[in-house]
Amino acid sequence: MITIDFERCKGCALCTEVCPKNIIAIQERKHNAKGYYTAECVDNEKCISCAMCGIICPDFAIKVER
Amino acid sequence: MEKVLMKGNEALAEAAMRAGCKCFFGYPITPQTEISAYLAKNMAKRGGVFLQAESEIAAINMVLGAAASGVRAMTSSSGPGISLKSEGVSYIAGSDLPCVIVNVQRGGPGLGGIQPSQSDYWQATRALGHGDFQMVVYAPASVQETIDMTYLAFDTADRFRMPVMILSDGLLGQMMEPVVFPQIEVKIPEKPWACCGHKNKRPHNIINSLYLQPDELENSVNERFKRYEIVKRECPAAESSFCEDAEIVVCAFGAAARIAKSAVNTAREKGIKVGLFRPQTLYPFPVELIEKACRKAKIVLSVEMNKGQMVDDIRLALNCRLPVEFFGRHGGNIPTVKEVSAQIESISERIK
Amino acid sequence: MSVVFEKPNALCDVSMHYCPGCTHGIIHRMVAEVIDETGICGNTVGICPVGCSVMAYDYFNCDMIEAPHGRAPAVATGVKRANPDTVVFTYQGDGDLAAIGTCEIVHAAARGENITVIFVNNTIYGMTGGQMAPTTIPGQITQTTPYGRDPKVQGFPLKVCEMLSEVDGVALAQRVAVDSVAHIKEAKKAIRKAFDNQICRRGFSIVEVLSTCPTNWGMTPSEAMERVRTEMIPYFPLGVYKDAVVWEDKTKG
């Protein structure tokens, strides 16, 4: 499973593109203190903990656990 | 203590090693090259680092790195090279790092000449780099004083965490005199701010001169200027001779002061009430000391090896209370005792 | 639950100032991971450049010095010579390293200075708002090449790894990219090697990282990654340009 740091994420969406399970998306409901709409995991059940999202994240906003 | 005959530049280099200078970075330029040559021969043998850099700019930044990592570091050059170092000096001042910079002056501007000069007075005391900052500037007038001031320069730099310059010149650098190296136990203060690895025992140190918030930058400069106030209180030094009753005070520093001294002695023999005031620190300028030396003075004569630079500071120090005249030779020319004596005699005639 | 991936300890727990999608963060993280893996944080001194990564001193958990523009290799030399047991790295952009600091980098390399250089090449000056860099590709539009870089007027880009591979003091010159997970993994290995070289006193190591600047390129982060693949890598081919031992380590058998 992944945890995305809401305040650290800048919504660059790079993680959404590398996720092999297509379970990360940018949410547009609520922006963080910096004003960014952030990435969120839409289905953590499907996460295979490959850490590709964490590796591409420029803001080390993603923690991956297994 | 043993007296040895030494060249000014070599004496400075030896004194630097004895004062605990661990790293020297420089680039060849006349007339300072003997400093590099002497250190190249001796530094590594005594556990220090000598490195000839690819440029003056690199040399001063190597000094920045070494100073930031907590060791005593020095560079030396002459006018054109000092100009190149100005970037690094500003960063060193802005990062509150201690180091010693030697300028063995030659004539300028531009490539100028390679003969002795004092034409970098303004550069040293006013504007060696961008931004609000100062360096302490020592002006030796003999080989012995070059040695003594080298020890002092490292201590002052460490104490106030600021760059310190020894403003020598081609004459002092190249001449030989008998000297004694003081038997002082060198005490280098602890530097808890240094970047040498935190060993997982303290938060990480940052050496930096960037402050993007105006208030932070203003505060950091204000804090530095508070230290300059202590420097101005405690560091000014000067030598006065025959000033008690002097109606004419000749003011000169460094090599020019040696000539002025002979001229003053000659004039005294002729019954002229003349004294000599020799600043040993150019920043801070010895304001109170010159005021004291000029108590009986009717006129001041500044003798310099330039077009008249220190004369500004004398006028400022005396608040233009007295007329301040100037005599100088430049371009590598050294004023003669005869020329200076003639100036003193002419002034003496005029003020009768 | 066990942690598979998280922020390395050698990075401070702060949010960085970089623009969304800027790959500086990925490169910072790789450097920090290597510092963690090799256990050298307490013994490392990093040198920041002038440019977008000037404030890296607030992000790395080791001692940090901010150098004048382009002078990081000279500052690193001072630190390393004064304290040879510290691990010293510089982190420099293309303007810093390949324009104003060309002299310092070439001579640090020529001396075989035992330091690690992370060279971030995104073919543009980011901090000042997108001007031509020494690595700007022919035809590339920037603020100061509004009609595209014309080699007849502005000359050609510098290929730093190729140039430094001819310098005797260089132990490692390798170009990597961060446009994909696979490339990031390769880049990490190169950075690890550049630090290992220093720890084993093998000489000067430089890793050139092809990076992005979505803001000044006028692209989305995703488009910027695509540009690395389609425009940058063909002009600046990835690979190991030099891998040698300059100095034999006398401290180890």
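Conventions we followed
Residues numbered from 1 in each chain as written. Chains lettered and ligands numbered in written order. Predicted model: local features only at pLDDT ≥ 70, side-chain atom pairs only at ≥ 80, totals over all residues. Heavy atoms only, no water. Contact = heavy atoms within 4.5 Å. Buried area = accessible area lost by both parts, 1.4 Å probe. Salt bridge = Lys/Arg side-chain N within 4 Å of Asp/Glu carboxyl O. Polar contact = N/O pair within 3.5 Å; in protein donor to acceptor, adjacent residues only side chain to side chain. Nonpolar A, V, L, I, M, F, W, Y, C, P; charged D, E, K, R; others polar. Pairing = 2+ DSSP bridges. Helix = DSSP H or I, 4+ residues; strand = E, 2+ residues; numbered from the N terminus. Axes fitted to C-alpha atoms, helices over the stretch in contact; angles between N-to-C directions.

Asker: Go over the interface of chain A and chain C, please, and point to the residues and values.
Answerer: With 24 residues of chain A at the interface, the matching set in chain C holds 31 residues. With both chains or domains summed, chain A and chain C bury close to 2300 Å², and 65% of this area falls on carbon and sulfur atoms. Ranking the residues of chain A by area buried against chain C places Arg8, Ile55 and Phe60 of chain A at the top, with a combined share of 29%. At the boundary of chain A and chain C, one finds 2 salt bridges. Between glutamate 6 of chain C and lysine 63 of chain A there is a salt bridge, with its nearest N and O atoms 4.0 Å apart. Applying the counting criterion to the chain A and chain C interface returns 12 residue pairs in polar contact (both at pLDDT 80 or more). Here the residues of the side of chain A that touches chain C are counted per class, giving 14 nonpolar, 2 polar and 8 charged. Across 2 bridges, the pairing between strand 4 (residues 62–65) of chain A and strand 1 (residues 3–5) of chain C is antiparallel.

Asker: Outline the sheet that holds strand 9 (residues 206–207) of chain B, listing residues and values.
Answerer: Spatial ordering of the open sheet is given by 9(B)-3(C)-2(C)-4(C)-5(C)-7(C)-6(C)-8(C), a layout of 8 strands whose pairing is mixed. Looking along the sheet, the strands with just one partner apiece sit at the ends: strand 9 of chain B together with strand 8 (239–243) of chain C. Summarising the sheet, strand 2 (residues 44–48) of chain C and strand 3 (residues 63–66) of chain C pair through 4 bridges and their orientation is parallel. By the bridge assignment, cysteine 48 of chain C is partnered in strand 3 of chain C with glutamate 66 of chain C. Across the face of the sheet, helix 9 (residues 221–235) of chain C comes into contact with strand 5 (116–121), strand 6 (170–177) and strand 7 (204–210) of chain C while running at roughly 135 degrees to strand 7 of chain C.

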